[in-house]
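An overview of the molecular structure
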Amino acid sequence: EAFVEEPKGSIIEMLQNSQIGEGEMGEIKNAFERAMEKADRLGKLSPEEMRRREEAEYIPMGRAIAERYLEHGHIRVLEEDVAKRGGDERAVVARAAASRLVEAIDLDGDGMQSRVGRALDGLRVLAIDKKDIIDRKSAKITGLVIGFDEERERTFRRESQRIERDERESLERIGISGDALGDINLEASQAWARIDADLRAQFSERLDPVKRELQDELAKP
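Conventions adopted
- Residues numbered from 1 in each chain as written.
- Predicted model: local features only at pLDDT ≥ 70, side-chain atom pairs only at ≥ 80, totals over all residues.
- Heavy atoms only, no water.
- Helix = DSSP H or I, 4+ residues; strand = E, 2+ residues; numbered from the N terminus.
- Buried < 20%, exposed > 50% of the residue type's maximum accessible area, 1.4 Å probe, protein only.
- Contact = heavy atoms within 4.5 Å.
- Areas by Shrake-Rupley, 256 points an atom, 1.4 Å probe, with all protein chains shown as cover.
- Polar contact = N/O pair within 3.5 Å; in protein donor to acceptor, adjacent residues only side chain to side chain.
- Core = buried A, V, L, I, M, F, W, Y, C linked by side-chain atoms within 4.5 Å.
- Expected span 1.5 Å × (residues − 1).
- Bend = angle between axes of the 7 residues up to and from the residue.
- Arc of directions from axis to C-beta.
- Lys, Arg positive; Asp, Glu negative; His and termini not counted.
- Salt bridge = Lys/Arg side-chain N within 4 Å of Asp/Glu carboxyl O.
- Axes fitted to C-alpha atoms, helices over the stretch in contact; angles between N-to-C directions.
- Parallel < 35°, antiparallel > 145°, perpendicular 65-115°, else oblique.
- Left-handed = near helix turned anticlockwise from the far one by under 90°.
- Nonpolar A, V, L, I, M, F, W, Y, C, P; charged D, E, K, R; others polar.

**Quick notes on the overall build of the protein chain**
For the protein chain, the helix and strand inventory stands at eight helices and zero strands. Each helix and strand of the protein chain, placed in order from N terminus to C terminus, yields the pattern α-α-α-α-α-α-α-α. Taken over 221 residues, the protein chain has a buried fraction of 28%. Intrachain contacts of the protein chain at a sequence separation of at least 6 include 67% that bridge at least 24 residues. Surface accessibility of the protein chain: about 14700 Å² in total, with carbon and sulfur atoms responsible for 48%.

Pasting the structure below:
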């Protein structure tokens, strides 16, 4: 009966007895020794140290996946990006991506409602086992975001005439009047910026606790 004889000696010895050139042999030997040193170091790590090491490696991956999703908005791509990872790595990546999506729920910038809706949709995919919790928090978050948007519009309509009058008076005091005034961009005025910032602060005070509660729930095993 045919059999295969087991190789004798170390891998380095076998390489030395092979036909590999001296330069290439040196590169392979160095790479092998580095890999063995790394394996030896990892073997000495405690489970907690191993967990922290994996998180340090995989958390940036998860956050990057979430950033890309916030830009493209395709749920299936988000699912595929996370599914490429296996085992413990996938769990860490999914939690990191979910954490980044919660961070994206804010009242800043244009397209606020669209961005928040996209983040919430992504969370339902990343933490499907906590969908009920996400749905409950989503109702509060969506109500606050819509409420802020509506209050912002009402305040702008109510204050626009006063802001325009104050802006024109300020310009006239520095010698700009008549046709030189032109149309005033009220939303770019300092007066509106202050009002807008106050409104955001008021609603953010109500939104932030809901986000923290959601982060805490998603962080649980």
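Next comes the rest of the account.
**Structural notes on the side chain of Ser189**
If you trace the backbone, Ser189 turns up in the loop between helix H7 (131-173) and helix H8 (190-219). Under the relative-accessibility criterion, Ser189 is labelled buried at 4%. Among the polar contacts listed, one links the side chain of Ser189 to the backbone oxygen of Leu186, at a separation of 2.6 Å. Ignoring sequence-local partners within four residues, the contact set of Ser189 consists of Ile163 and Glu167.

**Some words on the nonpolar core**
One finds Leu101, Ile105, Leu123, Ile141 and Leu218 to be the most contacted residues of the largest nonpolar core, which totals 35 residues. Judged by nonpolar contacts, the second largest core, of five residues, contains Ile163, Leu186, Ala191 and Trp192.

**Examining H8**
An α-helix turns once every 3.6 residues. As a result, residues three or four positions apart point the same way. Over its 30 residues, H8 runs 40 Å from end to end, which matches the ideal 44 Å to within 8%, given 1.5 Å per residue. In H8, a bend of some 35° at Ser204 exceeds every other bend along the element. Buried within H8 are the following residues: Ala191, Trp192, Ile195, Asp196, Leu199, Arg200, Phe203, Leu207, Val210, Lys211, Leu214 and Leu218.

**Thoughts on helix H4 (residues 75-83)**
Looking only at H4, the buried set comprises Leu78, Asp81 and Val82. Along the long axis of H4, the arc covered by the buried residues comes to 95°, so they all point the same way.

**Notes on the side chain of Lys211**
Looking at where Lys211 falls in the secondary structure, it is placed in helix H8. Despite its burial, Lys211 remains without a salt bridge, the nearest opposite charge being carried by Asp208 at 4.5 Å. Within the structure, the side chain of Lys211 is placed 2.8 Å from the backbone oxygen of Ile105, a separation counted as a polar contact.

**Observations concerning the packing of H4 against helix H6 (residues 112-126)**
It is at 10 Å that the axes of H4 and H6 come closest, and there the two elements cross at 40°. One element, H4, and the other, H6, form an angle in the oblique class. Judged by the twist between their axes, the crossing of H4 over H6 is right-handed. Packed against H4, whose contacting residues are Ile75, Leu78, Glu79 and Val82, the element H6 presents Asp121, Gly122, Val125 and Leu126 at the interface. Counted by class, the contact of H4 with H6 contains five nonpolar, one polar and two charged residues.

**Quick notes on the environment of Ile65**
Relative to the elements of secondary structure, Ile65 occurs in helix H3 (residues 47-72). The exposure class of Ile65 is buried, given its relative accessible area of 1%. Setting aside residues no more than four positions away along its own chain, Ile65 makes contact with Leu78, Asp81, Val82, Arg85 and Val93.

**Let's talk about the packing of helix H5 (residues 87-103) against H8**
Contact geometry for H5 and H8: axes closest at 10 Å, N-to-C directions at 175°. Taken as axis vectors, H5 and H8 run roughly antiparallel relative to one another. Residues Arg95, Ala98, Ser99, Val102 and Glu103 of H5 lie in contact with H8, whose contacting residues are Lys211, Leu214, Gln215, Leu218 and Ala219.

**Let's talk about the pattern of salt bridges**
Working definition: two side chains of opposite charge can pair if their charged atoms are close together. Overall, the coordinates contain 18 salt bridges when judged by the stated rule. A salt bridge links Asp81 to Arg68; the nearest nitrogen and oxygen atoms lie 4.0 Å apart. One end of the pair, Asp81, is in helix H4; the other, Arg68, is in helix H3, and 13 residues separate them in sequence. Taking relative accessible area as the criterion, Arg68 reaches 39% and is therefore assigned partly exposed. Between Glu151 and Arg154 there is a salt bridge whose closest N-O contact spans 2.7 Å. Note that Glu151 and Arg154 are positioned in helix H7 at a spacing of three residues, about one turn of the helix. Because the salt bridges share partners, they merge into one network encompassing Arg63, Glu67, Arg100 and Glu103.

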